[in-house]
Amino acid sequence: MIKKISLLLIVLITITLSCERDDICAEATATTPHLIIRFHDASNITATKTVRSLSVIGEGNSTNIVFNTVTDSIVLPLRFQNEGEITTTRFELKKDSDYDTDTDVNTNSNTDIIEVVYTPQFIYVSRACGYKSIFNDASLDIESDTNNWIINRDILNTTIDNENAAHIILYH
């Protein structure tokens, strides 16, 4: 009888020790970061400056990422298809987008287009969380037109691997 109880106890301990915890990705686990852009005053580059009635839309999308907001910073998603391949994501930033809900038209807006170029890299996080992407060698170009409201830009960090601080400053 003692042999059977000992054997049963050994089997139970073995099963208990060999079980793994549930494969749940914790909410605090770092995931693919977004691009963080801060807006600063072009005449006083150390001071942040809000953008009136800002709307942002990604190229090829019909849904606004930001819609008719007054803000001094934005958080934008970046595309990632193939690891190690130079990738481009373009955004339309509309300032003073006086949106008329009756006619469904933006009036008096000034649209600038920014182009973010980077190289995605996939990082294994865990079995539960899978992979996240980070973005290396990030740069930003402002498409010129006769009425740009974005005057200049500074790249603060060419590697986008977290959302702890701004990566790019746009001056207006």
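Here the structure is a predicted model, which means the values were calculated and not measured.

Turning our attention to the packing of aromatic side chains. The tally for this structure, following the rule as stated, stands at 5 aromatic pairs. An angle of 50° between the planes, with centres 6.4 Å apart, marks the rings of Phe-80 and Phe-135 as tilted. Separated by 55 residues along the polypeptide, Phe-80 in the loop between strand S5 (73–76) and strand S6 (87–95) and Phe-135 in strand S10 (residues 130–142) bring together distant segments of the chain. The exposure class assigned to Phe-80 is partly exposed, which follows from its relative accessible area of 40%. These aromatic residues form a ring-pair network of at least three members: Phe-80, Tyr-118, Phe-122 and Phe-135.

Turning to the nonpolar core, a few remarks are in order. Residues Ile-37, Phe-39, Ile-74 and Leu-93 are the most contacted members of the largest nonpolar core, which totals 23 residues. Counting residues per element, the ones that place at least two in this core are strand S1 (35–41), strand S3 (51–58), S5, S6, strand S9 (110–126), S10 and strand S12 (168–171). Discounting chain neighbours no more than four positions away, the residues touching Ile-74 are Leu-35, Ile-36, Ile-37, Phe-39, Leu-54, Val-56, Val-66 and Leu-93.

Of note in this structure, Ser-53 is not a glycine but carries a positive phi near 45°. By the secondary structure assignment, Ser-53 is in strand S3. Given the relative accessible area of 18%, Ser-53 is considered buried. Despite not being glycine, Asn-68 has its phi angle at roughly 50°, a positive value. Turning to its location among the elements, Asn-68 is positioned in strand S4 (residues 64–71). Judged by relative accessible area, which is 34%, Asn-68 ranks as partly exposed.

Rules and cut-offs
- Residues numbered from 1 in each chain as written.
- Predicted model: local features only at pLDDT ≥ 70, side-chain atom pairs only at ≥ 80, totals over all residues.
- Heavy atoms only, no water.
- Phe/Tyr/Trp six-rings, centres within 6.5 Å; stacked < 30°, edge-to-face > 60°.
- Helix = DSSP H or I, 4+ residues; strand = E, 2+ residues; numbered from the N terminus.
- Buried < 20%, exposed > 50% of the residue type's maximum accessible area, 1.4 Å probe, protein only.
- Core = buried A, V, L, I, M, F, W, Y, C linked by side-chain atoms within 4.5 Å.
- Contact = heavy atoms within 4.5 Å.

Honestly, that's just the spatial picture; any functional story needs more than this.
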